[in-house]
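# Descriptive structure summary
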Amino acid sequence: MPYTIDPKTNADATSFIQLYQPIESAVIGMPPLKARGYRPLKMTFGDQLKALIFFHLEEHVSAQHLLQVLKENDFAREHIAPEEGIKKSSFAEAINSRGLEQLMYIYQNLQTQAVSVLPKEHADLGDLVGIDGSLIDACLSMYWADYRKGSKKAKVHLGFDLNHGIPRKVFLSNGNGAERPFVSMILSPGQTGVTDRGYQAHDRFDQWQEERKHFVSRIKAATKKTVLKTNEIDPDSDIFYDAIVLLGTSGVNQTQKPVRVVGYTVNNVKYWVATSRHDLTAEQIALIYKLRWDIEIFFGWWKRHLRVYHLIARSEYGLMVQILSGLITYLLLAIYCRKQHSEKVSIKRVRELRIKIQNETRIANRPKACPNPGPCFENHQILNCYAST
């Protein structure tokens, strides 16, 4: 029997149903979540997913805040919360110990749906993936999140589809986790990873080329370059350097495979970029690195407006559940904004959606008009008479 999630499709939840609709096809073929013992689940996976999406959509600041809203808010109580409600202990158990496999399945299927809806930009530059890491402040009880003495942090490693503007592969590590090894895990052969200077590693440049994974990576200006060939430069462009080189010092850290280095100037700042892409112009290489800024914009928007880093879990498992649910919420918003408004995700449209959801609930909960105006009017007069005496 195919797995389905009941969205509680009442007439007064139209906007939330529109947002949630892609989930219905994303769960097809998903492995079901089953109780580990004989007792039924207090919170089904469908309940868990809706609660997490609602948490991010409505900018709740804690699990306690969310649970209070699920209990007291008309919309949340009717359309999000389990029918019998949910206690703090049951919610914590669900978030920290189950649902990760199902969330990953949905996340991957939603990516496919988003790609089919969103336009592909810069197709002439190939499949571009911005790669970066982002730190999450953790509490001291999160012993696994090593960072430095007296401080705990976790780190999200993300691949961001620069052509479609959506998140892709994601990994979680402690705050001290090295970022460079995740490039090979994020990229697929033929894709081009776009990274900042923190990812410069000459042995990795060799490895990525062996794996047929391209890169456009900013490097330090002082990096030693052994020139093998120079490329012609347009004197009227911002490009001042274009050559095939070996990076690093021979016998120490020199690349075994040649790389292309492009130097260019933007607002009097010089940029040096190493790449394995020889099929593009130097100007196109500069444009690709400029597009890397999109992942920075995504992280800032995602953290600020969906409250992804307000912890509702302490375990590594639970934090990954929270991160995935935040990414799923973003994908749902990307699909919704494209279908409903032919636009990219924006806080304006998210706020508009939040207001529509609340307005629909208020309208549905208004007292219905009296079907028989005559008697109702008479009764109203009688009540007014009693009120005035």
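The present account deals with the structure reproduced in this document. (Residues numbered from 1 in each chain as written. Predicted model: local features only at pLDDT ≥ 70, side-chain atom pairs only at ≥ 80, totals over all residues. Heavy atoms only, no water.)

Right, let's get into the pattern of salt bridges. Under the criterion given, the structure shown has 18 salt bridges. A salt bridge links Glu59 to Arg307; the nearest nitrogen and oxygen atoms lie 4.0 Å apart. Here Glu59, found in the loop between α2 (45-57) and α3 (63-72), pairs with Arg307, found in the loop between α10 (293-305) and α11 (316-341); they are 248 residues apart in sequence, far enough to count as distant. Through salt bridges with shared partners, a single ionic network connects Asp132, Asp196, Arg292 and Glu296. (Salt bridge = Lys/Arg side-chain N within 4 Å of Asp/Glu carboxyl O. Helix = DSSP H or I, 4+ residues; strand = E, 2+ residues; numbered from the N terminus.)

The residue Trp144 is located in the loop between β1 (128-138) and β2 (146-148) in this model. Exposure remark for Trp144: the relative accessible area of 14% places this residue in the buried category. C-alpha separation for the pair Trp144 and Gly175, spaced 31 residues apart in sequence, amounts to 9.4 Å. Not counting the four nearest positions on each side in its chain, Trp144 is found in contact with Ala154, Leu172, Ser173, Asn174, Arg314, Ser315, Glu316 and Leu319. In this structure the side chain of Trp144 is engaged in a polar contact, spanning 3.1 Å, whose partner is the backbone oxygen of Arg314. (Buried < 20%, exposed > 50% of the residue type's maximum accessible area, 1.4 Å probe, protein only. Contact = heavy atoms within 4.5 Å. Polar contact = N/O pair within 3.5 Å; in protein donor to acceptor, adjacent residues only side chain to side chain.)

In this section: helix α5 (residues 88-97). Every buried residue of α5 is listed here: Ser90, Phe91, Ala94 and Ile95. Along the long axis of α5, the arc covered by the buried residues comes to 125 degrees, so they all point the same way. Facing away from the buried side of α5 by over 90 degrees, the exposed positions are Lys88 and Ser89. Contact partners of the buried residues in α5: α2, α3 and α11. (Arc of directions from axis to C-beta.)

Below, the discussion takes up unusual backbone geometry. At His122, a position not held by glycine, the phi torsion is positive, near 55 degrees. One non-glycine residue, Arg212, lies in the positive phi region at around 60 degrees. Assignment of secondary structure puts Arg212 in the loop between α8 (202-210) and β6 (214-218).

For the rest of this paragraph, the subject is the packing of aromatic side chains. Scanning the entire structure with this criterion turns up 18 aromatic pairs. With a centroid separation of 5.7 Å and an interplanar angle of 20 degrees, the aromatic rings of Phe16 and Tyr20 are classed as stacked. Of this pair, Phe16 and Tyr20 both sit in helix α1 (residues 14-26), separated by four residues, roughly a single helical turn. Side by side, Phe16 and Tyr20 carry an identical accessibility label, which is buried. Seen in terms of ring centroids, Phe298 and Tyr330 are 4.8 Å apart; in terms of plane orientation they differ by 85 degrees. Their pairing is edge-to-face. (Phe/Tyr/Trp six-rings, centres within 6.5 Å; stacked < 30°, edge-to-face > 60°.)

On the surface, Glu232, Asp234, Asp236, Asp238 and Glu283 cluster together into a patch of negative charge. Under the relative-accessibility criterion, Asp236 is labelled exposed at 73%. (Patch = residues over 30% accessible without salt bridge, like charges linked within 9 Å, V, L, I, M, F, W, Y side chains within 5 Å. Areas by Shrake-Rupley, 256 points an atom, 1.4 Å probe, with all protein chains shown as cover. Lys, Arg positive; Asp, Glu negative; His and termini not counted. Charge placed at Lys NZ, Arg CZ, Asp CG, Glu CD.)

Take the packing of helix α6 (residues 100-117) against α11 next. Remark: α6 packs on α11, axes separated minimally by 9 Å, with the N-to-C direction vectors making an angle of 25 degrees. Here α6 lies roughly parallel to α11, going by the angle between them. For the element pair α6 and α11, the recorded crossing hand is left-handed. For the pair α6 and α11, contact is made by Leu100, Leu103, Met104, Ile106, Tyr107, Leu110, Gln111, Gln113, Ala114 and Val117 and by Tyr317, Met320, Val321, Leu324, Leu327, Ile328, Leu331, Leu332, Ile335, Arg338 and Lys339, respectively. Residues of the contact of α6 with α11, tallied by class, amount to 17 nonpolar, two polar and two charged. (Axes fitted to C-alpha atoms, helices over the stretch in contact; angles between N-to-C directions. Parallel < 35°, antiparallel > 145°, perpendicular 65-115°, else oblique. Left-handed = near helix turned anticlockwise from the far one by under 90°. Nonpolar A, V, L, I, M, F, W, Y, C, P; charged D, E, K, R; others polar.)

Along the polypeptide, Leu332 turns up in helix α11. Under the relative-accessibility criterion, Leu332 is labelled buried at 1%. Residues Leu332 and Ala114, spaced 218 residues apart in sequence, show a C-alpha to C-alpha distance of 8.3 Å. Apart from residues no more than four positions distant in its own chain, Leu332 is found in contact with Leu19, Pro22, Ile23, Ile53 and Leu110.

Considering soluble globular proteins, one finds that nonpolar side chains tend to be buried as a cluster. Within the largest apolar cluster, 95 residues are counted, with the highest numbers of intra-cluster contacts made by Leu70, Ile106, Trp302 and Ile323. If one sorts the elements of this core by residue count, α11 sits on top with 15 residues. Sequence-distant contacts of Leu70, defined by excluding residues within four places in its chain, comprise Ala51, Phe54, Ala76, Arg77, Ile80, Ala81 and Ile86. Among the nonpolar cores identified, the runner-up in size contains 19 residues, and Ile186, Tyr199, Phe215 and Val259 belong to it. (Core = buried A, V, L, I, M, F, W, Y, C linked by side-chain atoms within 4.5 Å.)

The buried count for strand β3 (residues 151-161) comes to ten of eleven residues, which makes it a mostly enclosed element. In this sheet, β3 lies alongside β2 in antiparallel orientation, the contact comprising two bridges. When the sheet's bridge partners are listed, Arg148 is paired in β3 with Ser151. Linking β2 to β3, which pair antiparallel, is a turn of two residues; within it Gly150 sits at a positive phi near 80 degrees. In this antiparallel pair of consecutive strands, β3 and strand β4 (residues 166-174), the connection spans four residues, and Gly165 shows a positive phi of 70 degrees. (Pairing = 2+ DSSP bridges.)

We now examine the side chain of Ser325. Locating Ser325 in the fold gives a position in helix α11. Only 2.8 Å separates the side chain of Ser325 from the backbone oxygen of Gln322, close enough to count as a polar contact. Those residues in contact with Ser325 that sit more than four places away from it in its chain are Leu52 and His56.

Here we come to the environment of Gly326. In this structure, Gly326 sits in helix α11. By relative accessible area, which is 0% here, Gly326 ends up buried. Residues Gly326 and Arg307, spaced 19 residues apart in sequence, show a C-alpha to C-alpha distance of 8.3 Å. Apart from residues lying up to four places away in sequence, Gly326 is in contact with His56, Trp302, Leu306 and Val308.

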